[in-house]
Every structure is written in C-alpha cells, then in structure tokens.
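Spelled out, the chains give:
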Amino acid sequence: MQKYLPVLLLSLLLLAGWHQRWWKDSDVPPAPGSRPVVARGAVSQPAIAGETINRHAHLEYTKHAICRMGCRQVTKAEVLEILAAGEINAEKSNPADRPCPTYALEGYSSEGQHLRVVFAPCDKENAKVITCIDLDKDWSCNCE
C-alpha cells in the first residue's frame, strides 16, 4: 500500500486541480470592470459572442481614428470590410469598457492590409471607430 501512496496523492492533486479549473470556467459572468482572461491567439470566447457587435452598424469615426486611417492609408471602405468579415481578437477587446464596450476586429482588406480596427458599439444600430492599426507595417503618425 505504501508504494502506491505517492501515485494516489498525485492523482488526487491532479483531480483537485482539474476540478478547480472546471469551476473557474463555468458560466459565471465576469465581475464589473474586469477583462476576460483568454489564451493567447484565441479569437472568440463566450464572453465575446458574435452577436455583441452589429456587423451592419452605422459607423461614426473619432478624430483619432480618422487621423490613424490617414497615416496608415486605410479607407472607410476597408474599415467596413473589417467590420463585415473581421474576426474578434478577444485579447485586444474589452466588453466591460465604459461607457461602451470595445471590440478589436482583425482581418485583411481587399487592398491586402492586415488591419485591426477597434469598434465601440454603444447601441444596436451605431458603432464608433476608435482606432485603426496596420498589423504588418509601422506607420509614422502624429495623432493626439
């Protein structure tokens, strides 16, 4: 019996760790103001469902977004492409942001740019474009 004791203890420890992880991953909503913890490279998590952003929303552009788009040679048509077909990057999104949640959508435009566009949908019909980033090229911008 003593020879199996370390194996039994290790098994119990692993079971307890798995059980603890299982409870943490349950459908308990996140605390207000907290960001969901996601694995690097994960795209869509339960806290960020596809229905959270209207892919056909009317867009309003912040001054910062317009400046960044100008620096990085991104058109409004390309922003619409990312809104329509981009994938949510959960690591760069924050559905708990206030006053509006923010969602970072990433994809390739028809011009071939690899873009991340951050949207803030404050209601079901409208969304603000917060910023636009070219993921493949560093552009020199002087936006304030």
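> Sorry, what's going on with the packing of aromatic side chains here?
Pairs of aromatic rings are described using the distance from one ring centre to the other and the angle between the two planes. Enumeration according to the criterion identifies zero aromatic pairs in this entry. For Lys137, the ring lying beneath its charged end belongs to Trp139, and the centroid distance is 4.0 Å.

> Teacher, can you tell me more about unusual backbone geometry here?
Excluding glycine, residues mostly have negative phi values, and the peptide bonds linking residues are mostly trans. That bond from Arg98 to Pro99 is cis: its omega, 10°, falls within 30 degrees of zero. Note that Pro99 resides in the loop between strand 2 (87-88) and strand 3 (103-108). Backbone geometry at Gln73 places phi at a positive 55°, although glycine is not the residue there. The topology assignment puts Gln73 in the loop between helix 2 (63-71) and helix 3 (76-85).

> Got a minute to help me understand helix 2 in this structure?
Helical periodicity: at 3.6 residues per turn, an α-helix aligns residues three or four positions apart in one direction. Along helix 2, the residues that are buried comprise Ala65, Arg68, Met69 and Cys71. Projection of helix 2 onto a plane perpendicular to its axis shows the buried side chains occupying an angular sector of 160°, all on one side. The outward face of helix 2, more than 90 degrees from its buried face, is lined by the exposed residues Lys63 and Gly70. Looking at the packing, one finds that the buried side of helix 2 touches strand 1 (58-61), helix 3 and strand 5 (126-134). Immediately beyond the C-terminal end of helix 2, within one or two residues, lies Gln73, with a positive phi of roughly 55°.

> Mind showing me how you'd approach the state of the cysteines here?
Put plainly, two cysteines are in a disulfide when a covalent bond ties their sulfur atoms together. Inspection of the entire model under this criterion finds two disulfides. The partner cysteine of Cys67 in its disulfide is Cys143, sulfur to sulfur 1.9 Å. Every disulfide takes its handedness from the sign of the S-S torsion; for Cys67 and Cys143 that torsion is -90°, giving left-handed. Pair noted here: Cys67 is in helix 2 and Cys143 is in the segment after strand 5, with a separation of 76 residues, a long-range link. Here Cys67 falls in the partly exposed class, since its relative accessible area comes to 28%. A relative accessible area of 16% means that Cys143 is categorised as buried. Paired by a disulfide, Cys100 and Cys122 hold their sulfur atoms 1.6 Å apart. Residues Cys100 and Cys122 are joined by a disulfide whose S-S torsion is about 100°; by sign, that bridge is right-handed. Of this pair, Cys100 sits in the loop between strand 2 and strand 3 while Cys122 is found in the loop between strand 4 (114-120) and strand 5, placing the two residues 22 residues apart along the sequence. The class for Cys122 is partly exposed, based on a relative accessible area of 44%. With cysteine numbering restricted to those in disulfides and following the sequence, the chain has the pairing 1-4, 2-3. Its sulfur unpaired, Cys132 is 9.6 Å from the next cysteine sulfur, which belongs to Cys141.

Parameters and conventions
Residues numbered from 1 in each chain as written. Predicted model: local features only at pLDDT ≥ 70, side-chain atom pairs only at ≥ 80, totals over all residues. Heavy atoms only, no water. Phe/Tyr/Trp six-rings, centres within 6.5 Å; stacked < 30°, edge-to-face > 60°. Lys NZ or Arg CZ within 6 Å of the ring centre and 35° of its normal. Helix = DSSP H or I, 4+ residues; strand = E, 2+ residues; numbered from the N terminus. Buried < 20%, exposed > 50% of the residue type's maximum accessible area, 1.4 Å probe, protein only. Arc of directions from axis to C-beta. Contact = heavy atoms within 4.5 Å. Disulfide = S-S within 2.5 Å.

Distances and angles like these do not, on their own, reveal function.
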